[in-house]
Amino acid sequence: ENMGHLRLIDLSPWTSKLENKLRRARHFEVEAWSAIKACTQLDGGKPGISTNPCQDQCLLLLRRLKKEAATIVHGDGATGNRSITNLNPLGSQSISPQGVPTRSSLTRAVIDDAIVTRAWVVDFIHAKTVRERASFVEDVIRRYVTLPQLPALPIAFAGIELHGVVSPSSVLAQNTKDSITILSANAYSYNHIIGNFASRLPNDFSLRNKSGISVALGELKKLPILSVIEEKLIIREELIDWNDEALQMIGVSATYKCPFSSIESLHTKLMNILHGKTEGREQNIQNIRYNEAIEKEVISFVAEDEETICPISGPWVRSQYKMGNDWKINSSSIIECLLCCGFFSKPSPAIAGEFSTSVLVDPPLQQRRPPTPPTKHKYEEHSLCQTHQQMQQQQQPRQQSAPTKVTLESISKLLEIHDGSELASSYPEEYKFLNNIKQNALEWSSRVKQIVSSESLSIAERGDKLVEILAQKPVGVEMQPTLDDIKLWCRVYSWLNNLNQGMDSLMDQLAMWKDGSMSSASCFGNSEREVLVGLTSVHMASIVEGQEFLTPVSKNNIPRIVSELKDEILRDFDTIGKKDVQVISKKDVLESKFPMGVTIGSDEDRRMEAPLFICQCLVWRLICDRFMSRIEQYLATKNGG
């Protein structure tokens, strides 16, 4: 009667979902029993079959089935398959050999037991096929006695014949019994030999030379298992070889400098040894499982060994590597900065006969290559210990950004360090390049000094030479005198030249005025004051521009009244159209180390017919005239009052 009512309802969506759920549950059961049967098979170690737990197909399948059957939410938010999560047990009812229906033994706990069993089988096969460490073999033996018991497989299921195996655990125990006995003998029968070398390792002098180490390694390598003592002796032997090589280089460096690549290679080898990543040890442990505790032990051992075996070579190589690497970084930064400034893109041609062309070389092609960091062993499944990671980070060269400017002082300092006895490495290409830059810069600077201090050149010729040589300044290199200094000097020469030319023109006009041949429209009047005003109006721009060089009192402090009158006169000049004239700063000229004595000195002024002296006299007469005008105004005001 109830079914009759249900026929009135469309149940197809629910029945379809139930059919899919049942179909997936049956397929899951087939996969699970097949994986449980395969988990005890000793098929690892064969060609093409890996003994790595991360690559074992049976173990990967069991872990996937476990995740699918999970009933809880994982940390990453993933949940099990909805078709399986609410099933318990995970298999259907089966028929026993006696024909009695029985509850399925396939549960989530059984899948967990199968994973434990398969993980042990993979490690067991690995211990049989690879010369492993004693600790790994001992761990395999200890886990053997605690393996879980897997349930018997169904006789037949879903058309797939699985009969013939009553209990996978029983079959596994039968197949591994003899091998476990052999592994036990290998793990424990040679403890006295290993223990003997372990007790001798710290203090036995024979184990600190290559001959004694070779004898000990010959005996240890005959053992069927790998001991930590063997690993330590291998790495000690390589440390001794490294020390001999380093001491040889120290002796060579006392005579001449070595290429930095040789020191860099030594430093890289030392870091690999200190990290336990030597070639000999790599070959000895290339197929074994990673053990973080043993890695720490070996690294700690070799660190102590270095202090004893390499008391001279270790610190020397570290120091020389740091010094050489810093030198290389600084030189590369200078080259990079010069590249950014266009030093190599548009070289200025040298003035014939005045500059060398050695600076017009290409930049060094060999750029700094950071040392190859110690590579992780391929058997490492986990990151190295925190101490090891910190050591690696400390050995990485610090990256420095290119400087924003290059000074001649920084180049000279690098060359001085390279020539010094403390730096044992050499960079012939970079050194030649930097030395070329320095020599060219010094030649250029020397030529500038020759021009400004030459008494055979006129003021105009010096200014023209400076303008010409300004275009030859090495691009991107800051030195003395600076570009701003030379531009300032050119202004001084231009001012003096204009002053001299104006004075020549003024003298001609003054001579014509005295002869009466000048028109009445002349700027000169008839009175002395009018003549003074006419003279200063001609030199107005030059007086404003070089006012700081025209102070009547040069050595002592300027009296206040003189300063006030001078400022008043200059303000009057500004009101008649000279506001656009920029004043030359005497302080800046002095700070630029401008040779005042051979340029604005009395001898030079007399050689130019004293234009500067005449201009100073004009300013002085203006100040005196202004002073007398004040007195006259004061007296007129007083008498009028």
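All values derive from a computational prediction rather than experimental measurement.

The rules we used
- Throughout this description, residue numbers start from 1 for each chain and increase along the sequence as written.
- Local features in a predicted model are, by the rule used here, given only for residues with pLDDT of at least 70; side-chain atom pairs are given and counted only at 80 or more, and totals for whole chains, interfaces and linings are based on all residues.
- For side-chain calculations, the full set of non-hydrogen atoms in the structure is used, while hydrogens and water are omitted.
- Labels follow the DSSP assignment, with helices taken as runs of H or I lasting at least four residues and strands as runs of E lasting at least two, numbered in each case from the N terminus.
- Each residue is assigned to one of three classes by its accessible area relative to the maximum for its type, calculated with a 1.4 Å probe on protein chains only: buried under 20%, partly exposed between the two thresholds, exposed over 50%.
- Residues are treated as being in contact if the distance between any of their heavy atoms lies within 4.5 Å.
- The rule is short: rings of Phe, Tyr and Trp, with Trp giving its six-membered ring, pair when the centres are within 6.5 Å, and they are stacked under 30 degrees, edge-to-face over 60, tilted in between.
- The criterion is that NZ of a Lys, or CZ of an Arg, lies within 6 Å of the ring centre and within 35 degrees of the ring normal, and then a charge sits over that ring.
- Residues enter a nonpolar core if they are buried and are Ala, Val, Leu, Ile, Met, Phe, Trp, Tyr or Cys, with the set joined through side-chain atoms within 4.5 Å.
- Whenever a nitrogen or oxygen atom comes within 3.5 Å of another N or O atom, the pair is scored as a polar contact, on the condition that within protein one atom can donate a hydrogen and the other can accept it, and that pairs from neighbouring residues in sequence are kept only if both atoms are in side chains.
- Every case where a carboxyl oxygen of Asp or Glu lies within 4 Å of a side-chain nitrogen of Lys or Arg is listed as a salt bridge.
- Here the positive residues are Lys and Arg and the negative ones are Asp and Glu; neither His nor the chain ends is included.
- One confidence number per residue, pLDDT, is output by the predictor and ranges from 0 to 100.

Student: Would you mind going over the overall build of the protein in detail, with residue names and values included?
Tutor: A tally of regular secondary structure across the protein gives 25 helices and eight strands. Evaluated residue by residue, the protein yields a buried proportion of 43% over its 641 residues. Put simply, 76% of the contacts in the protein that link residues at least 6 apart link residues at least 24 apart.

Student: Kindly report on the packing of aromatic side chains, identifying the contributing residues and their values.
Tutor: Inspection of the entire model under this criterion finds five aromatic pairs. Ring geometry for Trp120 and Phe124: centres 5.0 Å apart, planes at 15°, overall stacked. With Trp120 and Phe124 both in helix 5 (residues 108–129) and four residues apart, this pair spans about one turn of that helix. Comparing Trp120 with Phe124 shows no difference in burial state: the two are buried. Among the aromatic side chains, those forming a connected cluster through ring pairs are Phe260, Tyr321, Trp327 and Tyr427. In this structure, Lys473 packs its charged tip against the face of Trp444, placed 5.9 Å from the ring centre.

Student: Quick one: what's the story with the nonpolar core, residue by residue and with numbers?
Tutor: Among soluble globular proteins, nonpolar side chains are generally buried collectively. If you look at the biggest cluster of nonpolar residues, it comprises 105 residues, and the most contacted ones within it are Trp242 and Leu466. Per-element accounting of this core gives the leading share, eleven residues, to helix 10 (residues 228–253). Excluding residues that lie within four positions of it along the chain, Leu466 makes contacts with Val448, Ile451, Val452, Ile486, Trp489, Cys490 and Tyr493.

Student: Give a description of the environment of Asp485 that names residues and reports values.
Tutor: Locating Asp485 in the fold gives a position in helix 19 (residues 483–515). Measuring from C-alpha to C-alpha, the distance between Asp485 and Lys593 comes to 8.6 Å, with 108 residues separating the pair along the chain. Look past the residues within four positions of Asp485 in its chain and what remains in contact with it is Gln480 and Ser592. Within the local environment of Asp485, its side chain forms a polar contact with the side chain of Thr482, the two groups lying 3.1 Å apart.

Student: Summarise the pattern of salt bridges; cite the residues concerned and give the values.
Tutor: Under the defined criterion, the tally for this structure stands at 22 salt bridges. Between Arg281 and Glu295 there is a salt bridge, and its shortest N-O distance comes to 2.9 Å. Of the two residues, Arg281 sits in helix 12 (residues 279–285) while Glu295 sits in helix 13 (residues 292–309), which places them 14 residues apart along the sequence. With respect to class, Arg281 is no different from Glu295; both count as buried. Across the pair Glu306 and Arg318 runs a salt bridge whose closest N-O atoms are separated by 2.5 Å. Of this pair, Glu306 sits in helix 13 while Arg318 is found in helix 14 (residues 313–340), placing the two residues twelve residues apart along the sequence. The exposure class of Glu306 is buried, given its relative accessible area of 9%. Each of Asp123, Asp139, Arg142, Arg143 and Arg289 takes part in one network of salt bridges that share partners.

Student: Explain the side chain of Glu132 residue by residue, including any values.
Tutor: On the secondary structure map, Glu132 appears in the loop between helix 5 and helix 6 (134–144). Here Glu132 is buried and forms no salt bridge, its nearest opposite-charge partner Arg133 lying at an N-O distance of 5.2 Å. Of note is the side chain of Glu132, whose polar atom sits 2.9 Å from the side chain of His126. Discounting residues that sit within four places of it in the chain, Glu132 has contacts with His126, Val137, Ile225, Leu226, Ile288 and Arg289.

Student: Account for the confidence of the model for the protein, with residues named and values stated.
Tutor: Here the protein shows a mean pLDDT of 77. Residues at 70 or above account for 71%. Note on residues 366–399: pLDDT is under 50 here. Beyond four places in sequence and across chains, it has 72 contacts.

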